[in-house]
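# Residue-level structure breakdown
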Amino acid sequence: PETATCLLLGAIEFNLGRFDRCVDRNIECLAIDPDFAESYSNLGNAVKELGDATTAKRLYLRAIRLKPRFCDAYKNLAGAHVALRQLEAAVE
């Protein structure tokens, strides 16, 4: 499947609360296009829901490096900082 399809399927899995399946879908996307910023951000959302805000933060930063004007990744990064109790970093 193409990246847009994988991304959509991952979003559906996320909205259904099936975060492990969301992870799998976004990994599929990245196998097709390793520079797909949206998948890094969505993968970060899923791993954060699974309790790993540190990995989520790293994934959001990767998305931002790939697509510097990707607003959702910045918002998600701020949420990871909050989850990690890095409140000053969240404000930046």
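In what follows, the structure referred to is the one given above.
Residues numbered from 1 in each chain as written. Predicted model: local features only at pLDDT ≥ 70, side-chain atom pairs only at ≥ 80, totals over all residues. Heavy atoms only, no water.

Quick look at unusual backbone geometry now. Phi is positive for arginine 85, close to 60 degrees, though the residue is something other than glycine. Relative to the helices and strands, arginine 85 resides in the loop between helix 5 (71–83) and helix 6 (87–91). (Helix = DSSP H or I, 4+ residues; strand = E, 2+ residues; numbered from the N terminus.)

Attention shifts here to helix 2 (residues 19–32). The end-to-end C-alpha distance of helix 2, which contains 14 residues, comes to 20 Å, matching closely the 20 Å that a straight helix rising 1.5 Å per residue would cover. Taken residue by residue, helix 2 has Phe19, Cys22, Val23, Asn26, Cys29 and Leu30 as its buried positions. All buried residues of helix 2 lie within an arc of 120 degrees about the axis, which places them on one face of the element. (Expected span 1.5 Å × (residues − 1). Buried < 20%, exposed > 50% of the residue type's maximum accessible area, 1.4 Å probe, protein only. Arc of directions from axis to C-beta.)

Interaxial distance between helix 3 (residues 37–49) and helix 5 falls to 10 Å at its minimum, and their mutual angle equals 25 degrees. Relative to helix 5, the element helix 3 lies roughly parallel. Crossing hand, helix 3 versus helix 5: left-handed. Mapping the contact onto sequence places Ser41, Asn45 and Lys48 in helix 3 and Asp72, Ala73, Asn76, Gly79, Ala80 and Ala83 in helix 5. Grouping the constituent residues of the contact of helix 3 with helix 5 by class yields three nonpolar, four polar and two charged. (Axes fitted to C-alpha atoms, helices over the stretch in contact; angles between N-to-C directions. Parallel < 35°, antiparallel > 145°, perpendicular 65-115°, else oblique. Left-handed = near helix turned anticlockwise from the far one by under 90°. Contact = heavy atoms within 4.5 Å. Nonpolar A, V, L, I, M, F, W, Y, C, P; charged D, E, K, R; others polar.)

So, on to the pattern of salt bridges. Applying the stated rule across the entire model yields three salt bridges. Arginine 18 is the salt-bridge partner of glutamate 13, the closest N and O atoms lying 2.6 Å from each other. The class of glutamate 13 is buried, set by a relative accessible area of 10%. By relative accessible area, which is 32% here, arginine 18 ends up partly exposed. (Salt bridge = Lys/Arg side-chain N within 4 Å of Asp/Glu carboxyl O.)

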